[in-house]
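Here's the letter readout for the chains.
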Amino acid sequence: MTTAQQTVADLDDRALVDGFLAGDETCLETVHRRWGPLVYALAWRSLGDAREAEDVSQLVFLAAWRGRAGYVPERGPLPGWL
């Protein structure tokens, strides 16, 4: 992990969300690393299929990245929005 990646990985949730909303791709990577397992677990439980859960997880993060302007932090935490 590079120093820049480590710095982003150490961000608190608010700073990470701010970077994500600003379009910082490094923050997207960190969001995915931090909350990807949660998204995958929920998809797997719902679908009961590992490959489908992987596909859904990828779609969730792609949609989140493209639609990040629609996220309003005051309405709830990022993992809930994902």
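Notes on the structure follow.

What counts and what doesn't
Every chain begins its residue count from 1, and numbering advances along the sequence as written. In keeping with the model being predicted, local features are shown solely for residues with a pLDDT of at least 70 and side-chain atom pairs are shown and tallied solely at 80 or more, while totals for entire chains, interfaces and linings include all residues. The side-chain numbers reported here are obtained from all heavy atoms of the structure, hydrogens and water having been left aside. Each helix is a run of H or I in the DSSP string that is no shorter than four residues. Each strand is a run of E no shorter than two, and both are numbered from the N terminus. Type-normalised accessible area, obtained with a 1.4 Å probe on protein chains alone, sets the label of each residue: buried when under 20%, exposed when over 50%, and partly exposed for intermediate values. Contacts: residue pairs with any heavy atoms within 4.5 Å of one another. Here a patch means residues that are over 30% exposed by relative accessible area and free of salt bridges, tied together within 9 Å if like-charged and within 5 Å if nonpolar (Val, Leu, Ile, Met, Phe, Trp, Tyr). Methods summary: accessible areas were calculated by the Shrake-Rupley approach with a probe of 1.4 Å, and residue burial reflects only the protein chains presented. Salt bridge, as used here: a side-chain nitrogen of Lys or Arg that lies within 4 Å of a carboxyl oxygen of Asp or Glu. In summary, the charge assignment counts Lys and Arg as positive and Asp and Glu as negative, without counting His or the chain termini. One atom stands in for each charge, and that atom is NZ of Lys, CZ of Arg, CG of Asp or CD of Glu. Grouping buried Ala, Val, Leu, Ile, Met, Phe, Trp, Tyr and Cys residues that are joined through side-chain atoms within 4.5 Å yields what is termed a nonpolar core. Any Phe, Tyr or Trp ring, taking Trp's six-membered ring, that has another such ring centre within 6.5 Å forms a pair; planes under 30 degrees apart are called stacked, those over 60 apart edge-to-face, and the others tilted. For a Lys NZ or an Arg CZ to count as sitting over a ring, it must be within 6 Å of the ring centre and within 35 degrees of the ring normal.

Quick look at the side chain of serine 57 now. Assignment of secondary structure puts serine 57 in helix 4 (residues 50-66). Judged by relative accessible area, serine 57 falls into the buried class, the value being 9%. Those residues in contact with serine 57 that sit more than four places away from it in its chain are Val39, Tyr40 and Ala43.

Another aspect to go through is a negative patch on the surface. A cluster of acidic residues, Asp49, Glu52, Glu54 and Asp55, forms a negative patch on the protein surface. Summarising the element assignment, glutamate 52 is placed in helix 4.

Now for the nonpolar core. Core analysis: the largest hydrophobic core is formed by 12 residues, namely Leu16, Val17, Phe20, Cys27, Val31, Trp35, Val39, Phe61, Ala64, Trp65, Tyr71 and Leu78. Those elements giving two or more residues to this core turn out to be helix 2 (13-21), helix 3 (25-47) and helix 4. The greatest single-element share of this core, amounting to 4 residues, is contributed by helix 3.

What follows deals with the packing of aromatic side chains. Here a ring pair, both rings aromatic, is described through the centre-centre distance and the interplanar angle of the planes. One pass over the structure, following the stated rule, counts 2 aromatic pairs. Taking the centre distance of 5.6 Å and the plane angle of 65° together, the rings of phenylalanine 20 and tryptophan 65 count as edge-to-face. Of the two residues, phenylalanine 20 is situated in helix 2 and tryptophan 65 in helix 4; the sequence distance between them amounts to 45 residues. The class for phenylalanine 20 is buried, based on a relative accessible area of 0%. Ring centres of tyrosine 71 and tryptophan 81 lie 5.2 Å apart, and the angle between their planes is 50°; this geometry places the pair in the tilted category. Separated by 10 residues along the polypeptide, tyrosine 71 in the loop between helix 4 and helix 5 (78-81) and tryptophan 81 in helix 5 bring together distant segments of the chain. Take tyrosine 71: its relative accessible area is 7%, and that puts it in the buried class. The class of tryptophan 81 is partly exposed, set by a relative accessible area of 32%. Positioned over the ring face of tryptophan 35 is arginine 34, at 5.7 Å from the centre of the ring.

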